[in-house]
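Listed below are the residues making up each chain.
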Amino acid sequence: MSNPDVVPVSLAEIARIAGVGRAAVSNWRRRHDSFPTRIGGTDVSPQFSLAEVEQWLRENGKLNDIGRKELLWPRFEVLGSRNESGLAVAEAARRMRSPKARIAHPELSAQARDLVAQAARLGREEGPRETFEFLLQRWLETHVRQLSTTPPPLAALMVRIALAVRLGSKDGGLTFLDPACGTGHLAAAAAQEYDGTGLELFACERDKALAALASARLDFIAEDRDIRTRIAMADALREDPFGDIRTDIAVCNPPFNERDWGYEELATDQRWTHGLPPRTEPELAWVQHLLAHLKPGGAAVVVLPPAVASRKAGRRIRGSLLRTGALRAVVSLPPGSAQPHSVSLQLWILRAAADSTTAAPPGQDALLVDATRFARPGTREPSPDWDALGSFVLTALATLDHPDKESPEGAVRVPLLDLLDDEVDVTPGRYTASVSEPCPKELAARWGEFKSLLTDLTDQARHLSVLEVEAGTQQAMTTLGDLVKAGALKLRAGQQPTEATAPARGATTPLLTIADLLHDGRPGQVLSTAAAHAIAEEGDVVVAGVIRAFRAWVHQGPPMAVGPQLYVLRVDSEKLDAHFLAGCLRAPANGRQAGTHASSSSRVDIRRLQVLQLPLEKQVAYAETFRRLSAFETLLTMAAGLGKGLAGDMNDHVAAGGLTT
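Residues numbered from 1 in each chain as written. Predicted model: local features only at pLDDT ≥ 70, side-chain atom pairs only at ≥ 80, totals over all residues. Heavy atoms only, no water.

Draft legend 1. Highlighting the side chain of T175. Relative to the helices and strands, T175 is located in strand β4 (residues 174-178). At a separation of 2.8 Å, a polar atom in the side chain of T175 contacts the main-chain amide nitrogen of D248. Ignoring sequence-local partners within four residues, the contact set of T175 consists of E200, F202, R246, T247, D248, I249 and K295. (Helix = DSSP H or I, 4+ residues; strand = E, 2+ residues; numbered from the N terminus. Polar contact = N/O pair within 3.5 Å; in protein donor to acceptor, adjacent residues only side chain to side chain. Contact = heavy atoms within 4.5 Å.)

Following this line, the structure appears as structure tokens:
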């Protein structure tokens, strides 16, 4: 590509602009001679001119409302550097809010400044905050390998923990600190979770682009609330910009494994009240930095790699944190909670001593919580069951200052005498494993549940096994695409939620993703707003459009949003029975026939899925059989999972000498 003014876009980006699947774009390219010609890339990943694509989409009526933002983003990508594109997004946010504001980043190129002006105009037309959140999300997705961000559900949980654990009056406002804030995920969560007045957010970030984006994000948040924000660009360990500030809560996801954190120049720093952190233990420097900024009774929550809980070099500092009562709890998170996703990270819950003569002495134990069982396995990118995880952790921490309360299974109070040995290992799994086995009464109840499942399964099998099924019949068929054209149903495609729709307190709209289907079929996230999402109402048919999770079912229960590669079908009840449609669509052979290529990662072109052509009155009998087949499959899956768990638990008991007969 010789012209520097030409902005290249891929087939995937064209699909985003048009709001369709990539297969549809490939189809346009094959069918329409007028489709723009390739300007670069490869045969497998071709690139096209954005200007030519935009013109073609407009001329062919294929540009929807979403496309205006999507047309803007590729221009940010061609700026080249991560820093310039990030600063340009932040500058655009400032101009959206204050059109006549002077430019804050004069180092931006002329190309970047022109793009800032375009983005600001679009933001003022379509909503400044929504446009900024869109650009920020796309920037984060583009540079995901260079960044370590805190997922919104984890950020919300960390803030909730800090608010629950801190001591003292809950009136009179709240002060918050994040000394390594990135793009402001944790500060945004604090604003979202704290429902009082007088919130002050202090944040620090050494990366210029990240600091600018965090500042832009928090400026939007502060518009509608009684919130004061102060973002400093500095290395918080070396040049603490908030040295004289003490806050009610401090929450942080610091950089891991950094050897050059300032060991030599900070050797005599007054923050190291529990000991100078070894050169190889920068995480313990961040822990003490947070404690140094807490008011009496203030609480801090920090994300740490699991090795910090047991490494030999840090045992002296861990011991001091325990003896003084500063380290109150450690929570082991499921893999996938944050980057690196393959590691079971930990939350350390810290609290400063209360400044009162009547305050209780430091605790004689620490609460260790193993929440790793809330992982959602079976996907390439594991994701926790955030609802269950958050409920469990907060329930466990409610016992922190109430030793008379019983801790839930997976949480245990460990006396300091047991922790302060030669290792001072505070890894939760080391102490909770012995309390996780079910008791004989629980085993008996689960055996009863298993027998009930087998009874129901046998009943369904009895009905299905006597059905006469004729092979090789030739029935008239139609496709889902033809049914859409005929008005027999309406189709909406799911989409990826932006951070603007991250989980929030009081939100009631669950979000189902392909990852959820591969785990247990239950929604794993909650959206704070679902206006722009495909929503499945009761009676709608939901289809998963990827072979490894291919299925179709009739949605029951409250409304539910769906993510990428999921589709919502709303039928005309005078033409189609929803259960009949779902049964036809979920036939495995149907999915294979409509797959885009022969592998488990193949996408399904759902418009090619075939449906029997039957009058409505004849669909009823088929619908009843499809219901029984679906129930049979569900019962079979439940029985298999429960039976496998029972076998494992029984094996543990017997291997430990528990056999009494």
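Draft legend 2. Region of the structure containing the pairing of strand β9 (residues 327-332). Of all 6 residues that make up β9, 6 are buried, and the element is covered over most of its length. By the bridge criterion, 5 bridges tie β9 to strand β10 (residues 346-351) in an arrangement that is antiparallel. The partner of V331 across the bridge, within β10, is L347. Across 4 bridges, β9 lies against strand β11 (residues 365-370) in parallel orientation. Note on β11: the bridge partner recorded for S332 is D370. (Buried < 20%, exposed > 50% of the residue type's maximum accessible area, 1.4 Å probe, protein only. Pairing = 2+ DSSP bridges.)

Draft legend 3. Structural detail: the packing of aromatic side chains. In the structure shown here, the tally under the stated rule is 12 aromatic pairs. Between W28 and W56, the ring centres sit 5.7 Å apart and the planes meet at 45°, which makes this aromatic pair tilted. One end of the pair, W28, is in helix α2 (residues 22-31); the other, W56, is in helix α3 (residues 50-59), with 28 residues separating them in the sequence. The two residues W28 and W56 agree in class, both being buried. Ring centres of W261 and Y263 lie 6.0 Å apart, and the angle between their planes is 75°; this geometry places the pair in the edge-to-face category. Residue classification places W261 among the buried positions, given a relative accessible area of 2%. Each residue in the set W28, F35, F48 and W56 is aromatic and connected to the rest through ring pairs, giving one cluster. A cation sits over an aromatic face here: R97 above F220, 5.8 Å from the ring centre. A cation sits over an aromatic face here: R373 above F392, 4.6 Å from the ring centre. (Phe/Tyr/Trp six-rings, centres within 6.5 Å; stacked < 30°, edge-to-face > 60°. Lys NZ or Arg CZ within 6 Å of the ring centre and 35° of its normal.)

Draft legend 4. Representation of the packing of helix α16 (residues 440-465) against helix α21 (residues 616-655). Packing of α16 against α21 brings their axes to within 9 Å, and their N-to-C directions diverge by 150°. Here α16 lies roughly antiparallel to α21, going by the angle between them. Taken as a pair, α16 and α21 cross one another with a handedness that is left-handed. A class-by-class count of the residues in the contact of α16 with α21 yields 17 nonpolar, 6 polar and 5 charged. (Axes fitted to C-alpha atoms, helices over the stretch in contact; angles between N-to-C directions. Parallel < 35°, antiparallel > 145°, perpendicular 65-115°, else oblique. Left-handed = near helix turned anticlockwise from the far one by under 90°. Nonpolar A, V, L, I, M, F, W, Y, C, P; charged D, E, K, R; others polar.)

Draft legend 5. Molecular detail of the pattern of salt bridges. If you walk through the whole model with that rule in mind, you get 34 salt bridges. Between R97 and D219 there is a salt bridge; the shortest N-O distance is 4.0 Å. Placement of R97 in helix α5 (residues 82-97) and of D219 in helix α10 (residues 208-223) is noted, with a sequence separation of 122 residues between them. E624 is paired through a salt bridge with R628; the nearest N and O atoms lie 3.8 Å apart. Of this pair, E624 and R628 both sit in helix α21, separated by 4 residues, roughly a single helical turn. Its relative accessible area of 24% is what places R628 among the partly exposed residues. One network of salt bridges, with partners in common, ties together R206, D235, R238, E258, D260 and E265. (Salt bridge = Lys/Arg side-chain N within 4 Å of Asp/Glu carboxyl O.)

Draft legend 6. The arrangement of the environment of L453 in detail. Along the chain, the position of L453 falls in helix α16. Along the backbone, L453 and A639 are 186 residues apart, and their C-alpha atoms lie at a distance of 6.2 Å. Ignoring any residue separated from it by four or fewer positions in sequence, one finds L453 in contact with L635, M638, A639 and L642.

Draft legend 7. The arrangement of the packing of helix α1 (residues 11-18) against α2 in detail. Contact geometry for α1 and α2: axes closest at 8 Å, N-to-C directions at 105°. Classed by the angle they form, the pair α1 and α2 counts as roughly perpendicular. Between α1 and α2, the residues in contact are L11, A12, I14, A15 and A18 and R22, V25, S26 and W28, respectively. Residue composition of the contact of α1 with α2, by class: 7 nonpolar, 1 polar and 1 charged.

Draft legend 8. Layout of the pairing of strand β18 (residues 541-544). Going residue by residue along β18, you find V541 and V543 tucked away on one face and V542 and A544 tucked away on the opposite face as well. Hairpin connection of β18 to strand β19 (residues 551-554): 6 residues between the antiparallel strands.

By themselves, these figures tell us nothing about what the structure is for.
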